[in-house]
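Spelled out, the chains give:
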Amino acid sequence: MTAKLSAANARVWQRMLSGRRLDLLDPSPLDIEIADIAHGLARVARWNGQTSGAHIFSVAQHTLLVEAVMRVQNPRIDTRLRLAALLHDAPEYVIGDMISPFKAVLGGDYKAVEKRLLSAIHIRFGLPPQLSAEIERQIKSADRGAAYLEATELAGFAEAEAKRLFGRDPGLPEATRRDYLTPWNAAKAEKRYLARFKALGA
């Protein structure tokens, strides 16, 4: 895919509201701003929008939920690694949130673009370009726990089906669960995302 796009001289960058132009084939950390990420993720729907509630359940809210699950599962984990959990879906501010079945259909090209974007985002905010296998495992575990909650409480999945696909309920405190699983409007999701980013010392 990369060669075809380069040969055709196709436009492969996106202009952000900050004025940055982010090249999808060769993303520079210098063209990445947290305000653009928060704004974009707050307006991207999880589950292709197939969730209950007055608002979409945004990727911004999902990543906050993942980071909350990670805190419960790994209470002593380093703050920078909590930041990695918050940013784990950050490339979707550019490429959108494609459901896992469709990612499987697209195959390697999509994953290559996603991986390059995430590496640039990590560098921009002081994280290693690639995380260790153990940290990736911990983030994936928290991601699956969040997906279980979203599936059963917002996306219409039966508990047995969600358990088969995503694993077990991660056991969030009830107040946290209610807060993070009530879909917020885009402005609130953006504000909460930026506040958590700042709280993590980024």
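Analysis parameters
- Residues numbered from 1 in each chain as written.
- Predicted model: local features only at pLDDT ≥ 70, side-chain atom pairs only at ≥ 80, totals over all residues.
- Heavy atoms only, no water.
- Helix = DSSP H or I, 4+ residues; strand = E, 2+ residues; numbered from the N terminus.
- Rg over C-alpha atoms; globule rule 2.2 N^0.38 Å.
- Contact = heavy atoms within 4.5 Å.
- Areas by Shrake-Rupley, 256 points an atom, 1.4 Å probe, with all protein chains shown as cover.
- Expected span 1.5 Å × (residues − 1).
- Buried < 20%, exposed > 50% of the residue type's maximum accessible area, 1.4 Å probe, protein only.
- Lys, Arg positive; Asp, Glu negative; His and termini not counted.
- Salt bridge = Lys/Arg side-chain N within 4 Å of Asp/Glu carboxyl O.
- Polar contact = N/O pair within 3.5 Å; in protein donor to acceptor, adjacent residues only side chain to side chain.
- Core = buried A, V, L, I, M, F, W, Y, C linked by side-chain atoms within 4.5 Å.

Draft legend 1. Looking closely at the overall build of the chain. Looking only at helices and strands, the chain has eleven helices and two strands in total. Listing each helix as α and each strand as β along the chain from the N terminus yields α-β-β-α-α-α-α-α-α-α-α-α-α. The C-alpha radius of gyration of the chain comes to 17 Å, within 12% of the 17 Å expected for a compact globule of 202 residues. With the C-alpha coordinates of the chain rotated into their principal frame, the extents come out at 50 × 35 × 35 Å. Taking the contacts inside the chain whose residues are at least 6 apart along the sequence as the reference set, 64% of them involve residues at least 24 apart. For the chain, the computed accessible surface area is about 10300 Å², with 53% contributed by carbon and sulfur atoms.

Draft legend 2. Quick peek at helix α8 (residues 133-153). For α8, spanning 21 residues, the distance from its first C-alpha to its last is 30 Å, which sits close to the expected 30 Å at 1.5 Å a residue. Within the sequence span of α8, burial applies to Ile135, Gln138, Ile139, Ala142, Asp143, Gly145, Ala146, Ala147, Tyr148, Leu149, Glu150 and Ala151. Where α8 is buried, its residues touch α3 (59-73), α4 (79-86), α9 (159-166) and α10 (174-180).

Draft legend 3. Seen up close, the side chain of aspartate 89. Within the element layout of this structure, aspartate 89 appears in the loop between α4 and α5 (92-95). With no salt bridge to any partner, buried aspartate 89 finds its closest opposite charge in arginine 46, at an N-O distance of 4.5 Å. Only 3.3 Å separates the side chain of aspartate 89 from the side chain of histidine 62, close enough to count as a polar contact. Excluding its chain neighbours within four sequence positions, the residues that come into contact with aspartate 89 are Leu41, Arg46, Val59, His62 and Thr63.

Draft legend 4. Spatial organisation of the environment of lysine 198. As for its position among the elements, lysine 198 is in helix α11 (residues 186-199). Between the C-alpha atoms of lysine 198 and histidine 62, which are 136 residues apart in sequence, the distance is 17 Å.

Draft legend 5. Examining the nonpolar core more closely. Core analysis: the biggest nonpolar cluster contains 57 residues, and Ile37, Leu65, Leu87, Tyr93, Phe125 and Tyr193 have the highest contact counts within it. Secondary structure elements with two or more residues in this core: α2 (34-41), α3, α4, α5, α7 (108-124), α8, α9 and α11. Aside from chain neighbours lying at most four places away, what touches isoleucine 37 is Ile32, Ala90, Tyr93, Ile121, Phe125 and Tyr193.

Everything listed here is a matter of geometry and, on its own, says nothing about what the molecule does.
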